[in-house]
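Listed below are the residues making up each chain.
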Amino acid sequence: MNQVDLLDFIDFSGVECLNQSTSHSLSNAIKQGYREDDGLILESDADEQLLIHIPFNQVIKLHSIAIKGPEEDGPKTVKLFSNKEHMGFSNVNDYPPSDTVVLSPDTLKGKPVVLKYVKFQNVRSLAIFIEDNQSESEITKVQKISLFGTTLWVHSFLDAVKFCIAPNALQTLREHRIMSFTPA
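Every residue gets a number counted from 1 within its own chain, in the order that chain's sequence is written. Given that the model is predicted, a residue must reach a pLDDT of at least 70 before its local features are reported, and side-chain atom pairs must reach 80 or more before they are shown or counted; all residues, however, enter totals for whole chains, interfaces and linings. As a rule here, side-chain values come from all non-hydrogen atoms in the structure, and water together with hydrogens is ignored.

K.L.:
For the packing of aromatic side chains, give the residues involved together with the corresponding values.
P.N.:
Ring geometry is summarised as follows: Phe, Tyr and Trp rings, the Trp one being its six-membered ring, pair when their centres sit within 6.5 Å, and such pairs are stacked at plane angles under 30 degrees, edge-to-face over 60 and tilted between the two. Across all of its chains, the model carries one aromatic pair by this definition. Ring geometry for Phe89 versus Phe129: centroids 6.2 Å apart, planes at 65°, classification edge-to-face. With a gap of 40 residues between them, Phe89 in the loop between β5 (77-82) and β6 (99-102) and Phe129 in strand β8 (residues 123-130) connect regions that are remote in the sequence. Burial classes follow relative accessibility: with a 1.4 Å probe on protein chains only, a residue under 20% of its type's maximum area counts as buried, one over 50% as exposed, and anything between as partly exposed. Residue Phe89 is classed as partly exposed on the basis of its relative accessible area, which comes to 32%. We classify Phe129 as buried; its relative accessible area is 1%. Helix and strand definitions here come from DSSP, where helices need a minimum of 4 consecutive H or I residues and strands a minimum of 2 consecutive E residues; each element is numbered from the N-terminal end.

Structure representation (structure tokens):
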């Protein structure tokens with residue numbers, strides 16, 4: 001199954017980022033048009049940590065994440081939480097993450113990192129906790145966040161297509177006397 005950029009399935013009215021700089025907000029790293037401009041960044045404010053909440057407008061399956069950032073101030077330890085609502089810095093460590101990604105300077109160039117796919121099958125929202133950065137400095141900088149996966153609608157549609165087409169294809173094969181065909 002081809003993974004797609006899930007940007008179009010983000011419910012931007014509910015997107016939040018805790019500890020973001022007012023002049024360098026999450027929109028710079030996540031919105032179409034902004035995130036392609038390396039001069040626009042998301043930047044932490046009081047310390048290096050960022051907590052991002054991303055709701056989706058339909059249920060998705062998350063396959064991978066790509067985070068682009070500067071080699072020194074880019075994120076290092078990123079914890080991902082599937083379907084955890086109302087998380088804050090005071091309770092983020094109360095929950096086990098669905099997956100933890102440790103980014104290297106190489107992956108910070110925007111290379112997708114494959115996640116534990118079984119942990120992200122019915123995702124309605126995603127919390128991204130950026131715990132620290134590459135140089136342990138006070139400010140973390142993110143140039144781009146991309147999420148890749150599929151929607152459940154696509155899976156349901158493909159299952160329906162297989163169900164509808166397979167019997168017709170089998171009948172056609174029988175009519176043409178191709179008897180060795182057995183459906184998968």
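What follows picks up the thread again.
K.L.:
Provide a residue-level description of the environment of Phe148, including the pertinent values.
P.N.:
Looking at where Phe148 falls in the secondary structure, it is placed in strand β10 (residues 144-151). Taking the C-alpha atoms as reference points, Phe148 and Ser64, separated by 84 residues in sequence, lie 5.2 Å from one another. It only takes one pair of heavy atoms within 4.5 Å for two residues to be counted as in contact. If near-sequence neighbours (up to four positions away) are discounted, Phe148 is found in contact with Gln3, Val4, Asp5, Leu6, Lys61, Leu62, His63, Ser64, Ala66 and Pro112.

K.L.:
Please give an account of the pairing of β10 that cites residues and values.
P.N.:
For β10, the tally of buried residues reaches seven of eight residues, placing the bulk of the element in the interior. Here two bridges tie strand β1 (residues 4-5) to β10, and the two strands are oriented antiparallel to one another. Opposite Val4, over in β10, you have Gly149 as the bridge partner. Across eight bridges, strand β4 (residues 50-68) lies against β10 in antiparallel orientation. Note that in β10 the partner of Leu62 across the bridge is Gly149. The criterion for strand pairing is that DSSP finds at least two bridges linking the strands in question.

K.L.:
Report on the side chain of Ser44, specifying residues and quantitative values.
P.N.:
Along the chain, Ser44 falls in the loop between β3 (42-43) and β4. Definition of a polar contact: a pair of N or O atoms within 3.5 Å, with one able to donate and the other able to accept a hydrogen when the atoms are protein atoms, and with sequence-neighbouring residues admitted only if both atoms are side-chain atoms. A distance of 2.7 Å separates a polar side-chain atom of Ser44 from the backbone oxygen of Asp47. Within polar-contact distance, the side chain of Ser44 engages the backbone nitrogen of Thr140 at 2.8 Å. Here Ser44 is in contact with Asn19, Ser21, Gln49, Leu50, Glu138, Ile139 and Thr140, once residues within four sequence places are set aside.

K.L.:
Break down the environment of Gln49 for me, citing the residues and quoting the values.
P.N.:
Looking at the element boundaries, Gln49 is found in the loop between β3 and β4. Placed 26 residues apart in sequence, Gln49 and Pro75 show a C-alpha to C-alpha distance of 8.9 Å. Among residues more than four places away in sequence, those in contact with Gln49 are Leu18, Asn19, Ser44, Phe89, Phe129, Ile130 and Glu131. A distance of 3.5 Å separates the side chain of Gln49 from the backbone oxygen of Glu131, its partner in a polar contact.

K.L.:
Residue-level account of the pattern of salt bridges, with values.
P.N.:
Every case where a carboxyl oxygen of Asp or Glu lies within 4 Å of a side-chain nitrogen of Lys or Arg is listed as a salt bridge. Within the structure shown, the criterion is met by eight salt bridges. Across the salt bridge formed by Lys68 and Asp38, the nearest N and O atoms sit 3.0 Å from each other. With Lys68 in strand β4 and Asp38 in the loop between α1 (27-30) and β3, this pair connects stretches of sequence that are 30 residues apart. The exposure class of Asp38 is partly exposed, given its relative accessible area of 39%. Put simply, Asp106 and Lys111 hold a salt bridge, and the shortest N to O gap is 3.0 Å. Here the salt bridges share partners, and the residues they tie into one network are Asp5, Arg35 and Glu36.

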